[in-house]
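# Close look at the chain arrangement
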Amino acid sequence: MYDRIREKLSILADAAKYDVSCSSSGSNRKNDNKGLGNSHASGICHTYTEDGRCVSLLKILLTNHCIYDCAFCVSRKSNDIKRAAFTVQEVVDLTISFYRRNYIEGLFLSSGIFKDADFTMERLLRIVKKLRLEERFNGYIHLKTIPGASRELLTEAGLYADRMSINLEMPTETGLKLLAPDKSHEEVKKPLGFIQNTITQYKDEKKTGLIKSIPKFVPAGQSTQMVIGATPETDMEIMYSAAEYYKNFKLKRVYYSGYIPISYDSRMPQIGSQPPLLRENRLYQTDSLMRFYGFEVHELLNPNNPHLDTDIDPKLSWALRNPEQFPVDINTADYRMILRIPGIGTQSALKIIKARKFGKLRSDQLKKIGVAYNRAKFFMRCADTPYQLNDPEPSHIKGLILSETNSKYLKVAQNQLSLF
Amino acid sequence: MITYVFDGSFEGLLTAIFEFYEYKPKAVQLFWDRHYQPSMLEEPHIVTSDPAKADRVWKGLKKKISPEWLFNFYRTYLSEDPVIFQHLFEFARYVFDNPPGAENNFGNPHVMAVSKMNRMVGREKHRFTAFIRFQQTTDSIYYAPAEPDFNILPLISSFFKKRFADQKWVIYDVKRKYGLYYDLNTVEIISYEFIQNVDTSKPLLPANMLDEKEELADVLWKDYYKSTNIPARKNMKLHIQYLPKRYWKYLNEKHEKN
Ligand code: SF4
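Residues numbered from 1 in each chain as written. Chains lettered and ligands numbered in written order. Predicted model: local features only at pLDDT ≥ 70, side-chain atom pairs only at ≥ 80, totals over all residues. Heavy atoms only, no water.

## Here's the deal with the overall build of chain A
Across its full length, chain A holds 16 helices and 10 strands. For chain A, whose C-alpha radius of gyration is 24 Å, the value lies close to the compact-globule estimate of 22 Å for 420 residues. Its C-alpha atoms give chain A principal-axis dimensions of about 75 × 60 × 40 Å. Relative to its 420 residues, chain A shows a buried fraction of 55%. Put simply, 66% of the contacts in chain A that link residues at least 6 apart link residues at least 24 apart. (Helix = DSSP H or I, 4+ residues; strand = E, 2+ residues; numbered from the N terminus. Rg over C-alpha atoms; globule rule 2.2 N^0.38 Å. Buried < 20%, exposed > 50% of the residue type's maximum accessible area, 1.4 Å probe, protein only. Contact = heavy atoms within 4.5 Å.)

## Some remarks on the UniProt feature "domain: Radical SAM core" (unreviewed entry) in chain A
What UniProt calls "domain: Radical SAM core" (unreviewed entry) maps, in this numbering, to residues 61-190 of chain A. Span residues 61-190 of chain A is 39% helix and 11% strand, its end C-alpha atoms 23 Å apart. (UniProt positions renumbered as here; feature names shortened; annotations may be inferred.)

## Section: the pattern of salt bridges
Under the counting rule described, the total for this entry stands at 38 salt bridges over all chains. For the salt bridge of Arg4(A) with Glu7(A), the shortest nitrogen-to-oxygen distance reads 3.3 Å. One end of the pair is Arg4(A) and the other is Glu7(A), both in helix H1 (residues 3-14) and 3 residues apart, which spans about a single turn. Across the pair Glu186(A) and Lys189(A) runs a salt bridge, and its minimum N-O distance is 3.8 Å. Of this pair, Glu186(A) and Lys189(A) both sit in helix H6 (residues 186-208), 3 residues apart, which is roughly one turn of that helix. Relative accessible area serves as the criterion here: at 46%, Glu186(A) is assigned to the partly exposed category. Via salt bridges that share partners, Asp51(A), Arg53(A), Glu280(A) and Arg233(B) belong to a single interconnected network. (Salt bridge = Lys/Arg side-chain N within 4 Å of Asp/Glu carboxyl O.)

## Structural notes on the pairing of strand E5 (residues 140-144) of chain A
Residue and element names in this part refer to chain A. Most of E5 sits out of view: 5 of its 5 residues are buried. Residues of E5 alternate between two faces, with Tyr140, His142 and Lys144 on one and Ile141 and Leu143 on the opposite face, all of them buried. Pairing geometry for strand E4 (residues 106-110) and E5, over 4 bridges, is parallel. Counterpart to Leu109 in the pairing with E5 is Leu143. (Pairing = 2+ DSSP bridges.)

## Here's the deal with the domain arrangement of chain B
All names here are of chain B. Its domain assignment divides chain B into domain 1 (2-125) and domain 2 (132-254). Relative to domain 2, the C-alpha centre of domain 1 lies at a distance of 33 Å. Taken together, the contacts link 11 residues of domain 1 with 10 residues of domain 2. Buried area between domain 1 and domain 2, both sides added, is near 930 Å², and the carbon and sulfur share of it is 66%. By the criterion of area lost to domain 2, the three top residues of domain 1 are Leu78, Glu124 and Lys125, representing 61% of everything that side buries. On inspection of domain 1 and its partner domain 2, the count reaches 1 salt bridge. In this structure, the salt-bridge partner of Arg176 is Glu80, at a minimum N-O distance of 3.1 Å. Where domain 1 touches domain 2, the interface holds 4 residue pairs in polar contact (both at pLDDT 80 or more). For the side of domain 1 that touches domain 2, the secondary structure elements donating two or more residues are helix H3 (67-77) and helix H5 (109-131). The element that contributes the greatest number of residues to the side of domain 1 that touches domain 2 is H5, accounting for 5 residues. (Domains from an automatic or database assignment. Buried area = accessible area lost by both parts, 1.4 Å probe. Polar contact = N/O pair within 3.5 Å; in protein donor to acceptor, adjacent residues only side chain to side chain.)

## A short note on the site of the ligand
Near the ligand the following residues occur: Cys66(A), Tyr68(A), Cys70(A), Cys73(A), Arg76(A), Gly112(A) and Lys183(A). Class assignment for the residues of the shell around the ligand results in 4 nonpolar, 1 polar and 2 charged. (Near = heavy atom within 4 Å. Nonpolar A, V, L, I, M, F, W, Y, C, P; charged D, E, K, R; others polar.)

## Describing the interface of chain A and chain B
At the interface, 56 residues of chain A touch 58 residues of chain B. Both sides together, the interface formed by chain A and chain B hides about 5300 Å², and carbon and sulfur atoms give 56% of it. Considering only the side of chain A, the residues that lose the most area to chain B are Glu50(A), Arg101(A) and Tyr103(A), jointly responsible for 15% of the buried surface there. Across the contact surface, chain A and chain B share 7 salt bridges. Taking the shortest distance from any N to any O, the salt bridge between Arg101(A) and Glu214(B) comes out at 2.8 Å. Taken together, the connections running from chain A to chain B amount to 30 residue pairs in polar contact (both at pLDDT 80 or more). Residue assignment for the side of chain A that touches chain B shows that the elements contributing at least two residues are H1, strand E1 (47-48), strand E3 (57-61), helix H2 (88-100), helix H8 (277-292), helix H12 (346-355), helix H13 (363-369) and helix H16 (408-417) of chain A.

## Thoughts on H2(A)
Residue and element names in this part refer to chain A. When the terminal C-alpha atoms of H2 are compared, their 19 Å separation across 13 residues agrees well with the 18 Å that a helix rising 1.5 Å per residue should span. Buried within H2 are the following residues: Val88, Val91, Val92, Leu94, Thr95, Ile96, Phe98, Tyr99 and Arg100. The positive-phi residue at the C-terminal boundary of H2 is Asn102, with phi of around 65°. (Expected span 1.5 Å × (residues − 1).)

## Observations regarding the UniProt feature "domain: DUF4130" (unreviewed entry) in chain B
Under the UniProt annotation, the feature "domain: DUF4130" (unreviewed entry) is placed at residues 85-253 of chain B. Its end C-alpha atoms 37 Å apart, residues 85-253 of chain B is made of 40% helix and 14% strand.

Structure representation (structure tokens):
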């Protein structure tokens, strides 16, 4: 008896899953109207898929009908698949019924473009408004910005959504043109810029303190996604593009989604070829080095090194290319340099800074603090480091570290290659 | 070395710390009475929980360590781990006997042990804000049984109260046999009697106790979970690392096919 709604959900969740963002973080909507829900600054994963991805939001399309024909997309017009569309009320009911059972943090709503951009955006807006105003729902809402939608609709949507996002799809304009001739990065930049400006405006108004209660406007900021491996960009091109968007639009996140072949289009990898999981992982590592470790993108990737190493992570790779920066003395160096030591994360670095006030740290203490000492030892000195006449060669260090670690991704990648 | 035996309560732990300074023995081995085996060779000191003494120690700690650490001290206690009780005892002594700021010396083994366990309890708490699954009952109370590793119900109470302010709910710790009940105003601690009609050995309530909308919600959630999966990316090792099997019992999406 539930067949109809079950079928819709399966079609429209399936089509939405290629959008990898599931973050529910960065907002702090409180439940002060004694309604339902709130959102937490750090976000919560309520369950995990069998490949270890976080499930935090009910991620669905309003419809997978679409007037466009982007080659990389399952919902493209020319694709022969089942189509479906939710009603406004169905989306509202699903969200509330999942939320009340603590299955999810909120809703991630996207849509294929039916009729035109404004028509689609208006329908999305109706859903978020109903959730916020009628259901008094304060959980997390991530809303897709429909490219080409009017400023009025976007401004109104921003008053109800926690995050908005719009995908670059391909890392470069050339890549995008190749697969979706109707689309351009320009039409992504326009709404990104407009929404970012409005966010800043609201923040500034708040600062002046003139108006008591400034409503929230996209409090969790904006994000975007690029598909990796469908078009021939280098890692350098991908990350330079990401860095540019982080900077110009103050994005909260850029997501990298390894392309999973979904069509026999000769311009792209064929169905059955494996998604580039190792590469995707290395890109995320690079991304977090830029966001949390104080690295500039050109330190990690540049014309001399346009590709990330596959056998070692980008931080280790940077350290090996810059031996003159090491060894770093744990007991005297500043936070910035300690962070750059392979095997030391942000948590351990903070602990080191606190703990060394009580006396010079020894290797056994560093291990307890959480430092991956077997890796870090080549790049640092502490109280009980034996004196060494000459530093070992980078290539030698690499060999020693590799012989000890087995990257799980490397293993996966290798046995996947052996399948073919 | 003298043996202190206490009742396992937080008040008891603080009292033990008080009585250390009262009697000043050289060193203390602290036992939770539940795990203590009396022996002929020693006469243990029995610590009787004393609210006044506990309060003085708590106030003393408050003066010495940051509010965050004060909370961490309590949170670590909720691990109910006998070894950690000893570390907490030594930790308190260490911060009392040293100038302010000593709690940040991660080179000290007790500081390290407490902060490690604090993180583990924190993680368990965080997991249960995520892994609690409510079932809507016929009398419109949302019910969720749970079996956390540590005694984290006190830590998640305000989270659920704030989030689900407009629905009645019960979260019941099956192992520790007590729960929380929110009646739209306050959260109360409830004992087994409150849910005596429920067979707590089963993760799911029987159909006759469930609201008519429950079945569809459950089916749709399982469908949704299935459809989020991308077979080409399957990685069960990672899956189980994030979602350890011991939690599956109460996660309806991990139950066998419907
Ligand atoms: S416009 Fe969006 S939904 Fe439509 S085909 Fe292109 S990517 Fe897919």
